[in-house]
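# A look at the structure
What follows is each chain in one-letter form.
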Amino acid sequence: MTRTGTAPGSPAPAGARADRPAALPAGPRGGARFRHALHAEWIKVRTMRSTRYVVLGTLLLGTGLASLNGASSGDEYASLPPQDRSAFDPLALSLRGYILAQVTLALLGGLVVTAEYGSRTIIGTLSAIPHRRRVLAAKAVALTAIALPTGLATTLSGFAAGQAALKGAGAPHTALADEGAARAILGGALYLALAALLGLAVGTLIRSTTATVTTLFTALLIVPAFGPALPGRLADWTARYWPPSAGGQIVTGYRDPALLDPWPGFAVMAGCVTIVLAAAFLVFRRRDA
Amino acid sequence: MIEVRGLTKRYGEVLAVDELSFTVRAGEVTGFLGPNGAGKSTTMRMILGLDAPTSGTATVGGLPARAQPAPLRAVGALLDAGAVLPGRSAHHHLLALAAGNGIPRGRVAAVLEEVGLTRVARRAAGTYSLGMKQRLGIAAALLGDPPVLVLDEPLNGLDPEGIVWIRGLMRRMAAEGRAVMVSSHLMSEVELTVDHLVVIGRGRLIADTGMAEFVAAHSRREVAVRSPQAAGLGPLLTAAGARVRPSGADGLTVTGIGAAEIGAVAAANGVELHELTPRQTSLEEAFMELTQHSVEYAAERGETR
């Protein structure tokens, strides 16, 4: 960079900037806006190493689990008693990979912000864009732009692999055009995007990567898994209303009357993520960097 | 230009920055000095809008940080050179910062060239040495070609070559008419580079003065004298107009008169001299004395509160 020198002690005259050879062109009119912040966050999420691993891992886990699930459950189908056969849910079997995919995508969401605190790049981020809500909103949009397509690819490939395995084992299976299949695949993808946003919100509130990982594991895996071990009413309530459990109904085909229907369950999860995200916006705006 | 007016930051019971007011002018390098924990970084963070002041204001070019239309074009900062994501390259690190302020991407290559990182720009920043990270931090500060630079301890941990480079850069930036604010806890790091000094201790302003005035006020000439008859020589020198402090068993520290006069007094009185050494007290000592008082004063004040 070259600048025409001015005498020390005198402020740079405004005109001197124009005749500098490599002068920086004037900025966007009205200053930097949300789209600039979004562009910045998009570059950052794309160039984070974890993003590649998470996207690949999510796809592999989702598809692999569907294939394994389909094959083993398909083999068992022949030996099931008739009352269990009526609850056999080929749709959910093929999409069960969401349970692990939600964790990897939530971790990505968490990392989008905790990696900034861990590496202290948050200082540069917020010096460049002091508008906290703009930064967090840009992070949310950039994250969704990764998580939603990844989620959709995961549910689609899971469905395809799972149904193929079930068909191969001679068990009931579903086609894309069958009732509920499109809802489960698209809704499952939306659910996975919500999980990523939950991770972002939790990471913003907690800041530490380790504590965020622990919290997300607890909320997404441990509580749903150990809910049935809780005392009676609490176990029923957890299975029905714990947001990730309720939201998971979006991928099911068989209706258990004790549980919420797919879209009401999804709404519980969406409401929960909205509340945690709103809290994250509030805290992020007020907190010193 | 940076204007700090009545700036105060309180963390619970602790007053980190206390009614601080000073100005960093264009075309000058202003040294922002104080012992560790004096509140230098907190002040800089408030100037950049990272921390919210409890009261008072800090503006750059008349605007607080959150009102800047494109902050990187108004003020470039190096607060923490280690602050890079290890897996991200210098190129992408800068590209993201530039994008957020609508700075064209060609500018990234220009600042990488300027700090000499072009060759390693695509490598993961985690593999950089501290000196290279420091250069990357400077590149980020220069991205918006800002009229104001804020550098927090930029010489920390640098090798001599890096130190010379940063000092030269600061002088050049000031010569181009920019306002440069550089913090340090060591006077010796900045005494050859800065035009103006702002010294703080315990969050309070201790001195706000030109470097030349500071040197004139605080550099003392003194003469170290050793003699087996030191006890007898002392009063003779005092009579000649000197101020004399004993130093060790046979030594004296003399101020007020020069080595030649001391030698003459000794010769006239037949006093044997073993040492006669003119010395200049360093600015570092003057600075430490200055901040030492503030620290003690602040500690006492804290106890009686």
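The name an unreviewed UniProt entry gives chain B is ATP-binding cassette domain-containing protein, with Streptomyces hoynatensis as the organism. In its Sequence similarities (unreviewed entry) section, UniProt records this for chain B: "Belongs to the ABC transporter superfamily."

By the naming in an unreviewed UniProt entry, chain A goes by ABC transporter permease and is assigned to Streptomyces hoynatensis.

### Some points on the overall build of chain B
A count of helical and extended segments in chain B gives 11 helices and 13 strands. Summarising its shape, the C-alpha atoms of chain B cover approximately 80 × 50 × 30 Å along the three principal directions. Out of the 305 residues belonging to chain B, those deemed buried represent 54%. For chain B, restricting intrachain contacts to residue pairs at least 6 apart in sequence, the fraction spanning at least 24 positions comes to 69%.

### Here's the deal with the UniProt feature "transmembrane region" (unreviewed entry) in chain A
Residue and element names in this part refer to chain A. Mapped onto this structure's residue numbering, the UniProt feature "transmembrane region" (unreviewed entry) falls at residues 53-71, 91-115, 136-161, 181-206, 213-230 and 263-284. In residues 136-161, the share of helix is 100% and the share of strand is 0%. The end C-alpha atoms are 36 Å apart. When the span residues 263-284 is considered, its composition is 100% helix and 0% strand, and the gap between its end C-alpha atoms is 31 Å.

### Remarks on the side chain of E153(B)
Mapped onto the elements of the fold, E153(B) is located in the loop between β6 (148-152) and α6 (160-175). The contacts of E153(B), once residues within four sequence positions are left out, are N36(B), K40(B), Q134(B), S183(B), S184(B), H185(B) and E189(B).

### Observations concerning the pairing of strand β11 (residues 243-246) of chain B
Residues and elements named next belong to chain B. Pairing of β11 with strand β12 (residues 251-255), which is carried by four bridges, proceeds in the antiparallel orientation. In the sheet register, P246 faces β12, and the bridge partner there is L252. Following β11, the chain reverses through four residues before pairing antiparallel with β12; G248 in that reversal takes a positive phi of roughly 80 degrees.

### Things to note about the pattern of salt bridges
Residue and element names in this part refer to chain A. Throughout the structure, instances matching the rule amount to 20 salt bridges over all chains. Across the pair E41 and K139 runs a salt bridge whose closest N-O atoms are separated by 2.9 Å. Pair noted here: E41 is in helix α1 (residues 34-46) and K139 is in helix α7 (residues 132-168), with a separation of 98 residues, a long-range link.

### A look at the domain arrangement of chain B
Segmenting chain B into domains produces domain 1 (2-209) and domain 2 (220-280). Each of domain 1 of chain B and domain 2 of chain B has a C-alpha centre, and the two are 47 Å apart.

### With respect to the interface of chain A and chain B
Every contact between the two is made by 46 residues of chain A and, on the other side, 49 residues of chain B. Note on chain A versus chain B: buried area summed over both sides is about 3800 Å², and carbon and sulfur give 55% of it. At the junction of chain A with chain B, the criterion picks out two salt bridges. Linking R120(A) and D80(B) is a salt bridge whose minimum nitrogen-to-oxygen distance equals 2.4 Å. Elements represented by at least two residues in the side of chain A that touches chain B include exactly α1 and α6 (122-128) of chain A. Residue composition of the side of chain A that touches chain B, grouped by class: 22 nonpolar, 15 polar and nine charged.

### Considering a nonpolar patch on the surface
Side chains of L152(A), L156(A), L176(A) and L186(A) sit close together on the surface and give an oily, nonpolar patch of about 340 Å² of accessible area. According to the relative accessible area criterion, L152(A) is partly exposed, its value standing at 31%.

### Regarding the UniProt feature "domain: ABC transporter" (unreviewed entry) in chain B
This chain's UniProt record puts "domain: ABC transporter" (unreviewed entry) on residues 2-227 of chain B. Segment residues 2-227 of chain B splits into 33% helix and 29% strand. End C-alpha atoms: 54 Å apart.

Rules and cut-offs
Residues numbered from 1 in each chain as written. Chains lettered and ligands numbered in written order. Predicted model: local features only at pLDDT ≥ 70, side-chain atom pairs only at ≥ 80, totals over all residues. Heavy atoms only, no water. UniProt positions renumbered as here; feature names shortened; annotations may be inferred. Helix = DSSP H or I, 4+ residues; strand = E, 2+ residues; numbered from the N terminus. Buried < 20%, exposed > 50% of the residue type's maximum accessible area, 1.4 Å probe, protein only. Contact = heavy atoms within 4.5 Å. Pairing = 2+ DSSP bridges. Salt bridge = Lys/Arg side-chain N within 4 Å of Asp/Glu carboxyl O. Domains from an automatic or database assignment. Buried area = accessible area lost by both parts, 1.4 Å probe. Nonpolar A, V, L, I, M, F, W, Y, C, P; charged D, E, K, R; others polar. Patch = residues over 30% accessible without salt bridge, like charges linked within 9 Å, V, L, I, M, F, W, Y side chains within 5 Å. Areas by Shrake-Rupley, 256 points an atom, 1.4 Å probe, with all protein chains shown as cover.

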